[in-house]
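Chain by chain, the residues:
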Amino acid sequence: MSHPDNWGKPIGGQVIDFTDPRAWANTPQFPADNPHAGDVMGVALKAKAEGRLDNVIPVYWDFGSHRRVCWELVSEVHTFEEDIALWKAAKAMKWDELIHPRRRKPRTLAEFLPETMQHLAPA
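Here the residue index of a chain counts from 1 through its sequence in written order. Thresholds applied to this predicted model are a pLDDT of at least 70 for local features of residues and 80 or more for the giving and counting of side-chain atom pairs; totals over whole chains, interfaces and linings are not thresholded and use all residues. Hydrogens and water are ignored here; the side-chain numbers use all heavy atoms of the structure.

Asks: Sorry if this is basic, but what is going on with helix α2 (residues 37-49) here?
Replies: End to end, α2 covers 18 Å across 13 residues, agreeing with the expected 18 Å (1.5 Å per residue, within 8%). The rule is simple: take the accessible area with a 1.4 Å probe, protein chains only, and divide by the maximum for that residue type; under 20% is buried, over 50% is exposed, in between is partly exposed. Numbering of helices and strands starts at the N terminus; helices are DSSP runs of H or I of at least 4 residues and strands are runs of E of at least 2. V40, A44 and A47 are the residues of α2 that are buried. Down the axis of α2, the buried set is contained in an arc of 65 degrees. They therefore lie on one face. Looking at α2, the residues exposed on the side facing more than 90 degrees away from the buried face are K46 and A49. The contact criterion used throughout is that any non-hydrogen atoms of two residues lie within 4.5 Å. As for α2, its buried residues are in contact with α1 (21-24). Within two residues after α2, G51 carries a phi angle of roughly 85 degrees, on the positive side. An expected span of 1.5 Å times one less than the residue number is assigned to each helix. Directions pointing from the helix axis toward each C-beta atom define the arc.

Asks: Whenever I open this one, the sheet that holds strand β1 (residues 13-15) confuses me. Can you help?
Replies: Whenever strands of a sheet pair, they do so through backbone hydrogen bonds, lying parallel or antiparallel. One requirement defines pairing of two strands: DSSP has to find at least two bridges between them. Overall, antiparallel pairing links the three strands, which are arranged β1-β2-β3 in an open sheet. Looking at strand neighbours, the two that pair on one side only are β1 and β3 (67-73), the edges of this open sheet. Across the sheet, the mean angle from the axis of one strand to that of its neighbour is 35 degrees, orientation sign disregarded. Taken together, the three bridges between β1 and strand β2 (residues 56-62) define a ladder with antiparallel strand orientation. Considered in β2, the bridge of V15 is made with V59. Axis lines are fitted through C-alpha atoms, for helices just across the contact stretch, and the angle between N-to-C directions can take any value from 0 to 180 degrees.

Asks: Got a minute to help me understand the pattern of salt bridges in this structure?
Replies: Where charged atoms from two side chains of opposite charge approach closely, those side chains can pair. Any carboxyl oxygen of Asp or Glu that lies within 4 Å of a side-chain nitrogen of Lys or Arg is treated as forming a salt bridge with it. Counted according to the given criterion, the structure contains seven salt bridges. With a shortest N-O distance of 3.9 Å, K94 and E97 are connected by a salt bridge. Here E97 and K94 lie together in helix α3 (residues 80-99), a separation of three residues that amounts to about one turn. Residue class for E97 comes out partly exposed when judged on its relative accessible area of 36%.

Asks: What's the story with the environment of D17 in this structure? I'm lost.
Replies: Within the fold, D17 resides in the loop between β1 and α1. D17 gets classed as partly exposed once you look at its relative accessible area, which sits at 42%. Sequence-wise, D17 and I57 are 40 residues apart; in three dimensions their C-alpha atoms are separated by 7.9 Å. Look past the residues within four positions of D17 in its chain and what remains in contact with it is A23 and P58. Polar contacts, as counted here, are pairs of nitrogen or oxygen atoms within 3.5 Å of one another; within protein the pair requires one atom able to donate a hydrogen and one able to accept it, and residues that are adjacent in sequence qualify only if both atoms are side-chain atoms. A distance of 2.2 Å separates polar atoms of two side chains, one belonging to D17 and the other to T19.

Asks: So what exactly am I meant to see when it comes to the environment of P4 here?
Replies: Secondary-structure assignment places P4 in the segment before β1. On a C-alpha basis, the gap between P4 and K91 in space is 5.7 Å, while along the polypeptide they are 87 residues apart. Every residue in contact with P4, bar those within four places of it in the chain, is listed here: K91, K94, W95 and L98.

Note that every value here comes from positions in space, so none of it alone points to a role or purpose.
Structure representation (structure tokens):
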């Protein structure tokens, strides 16, 4: 719970194809850094056919010091613009809490989001 001035901006990720060898590198199926693309294609298509990839998608993250692919839930993946809007709204909400510590009912995140992005606020 650091001060809002210390919050770093969100990191942007890139959605990659589920057959991309980077998505399968260093997994139980392929414990190597650079698995063969043909082998990955077979395992990925089999997993897709079995329904094991229905709710997830691989996202390539670049953290500056290192890069990593994480399988994210499809329902939780947003565009970078939506992530920035959520970050700004959360920061504004935290500032509001700091400025008005005696407010009995805290304001909701939706109150700090643009009208076109109200759907991003949790219920």
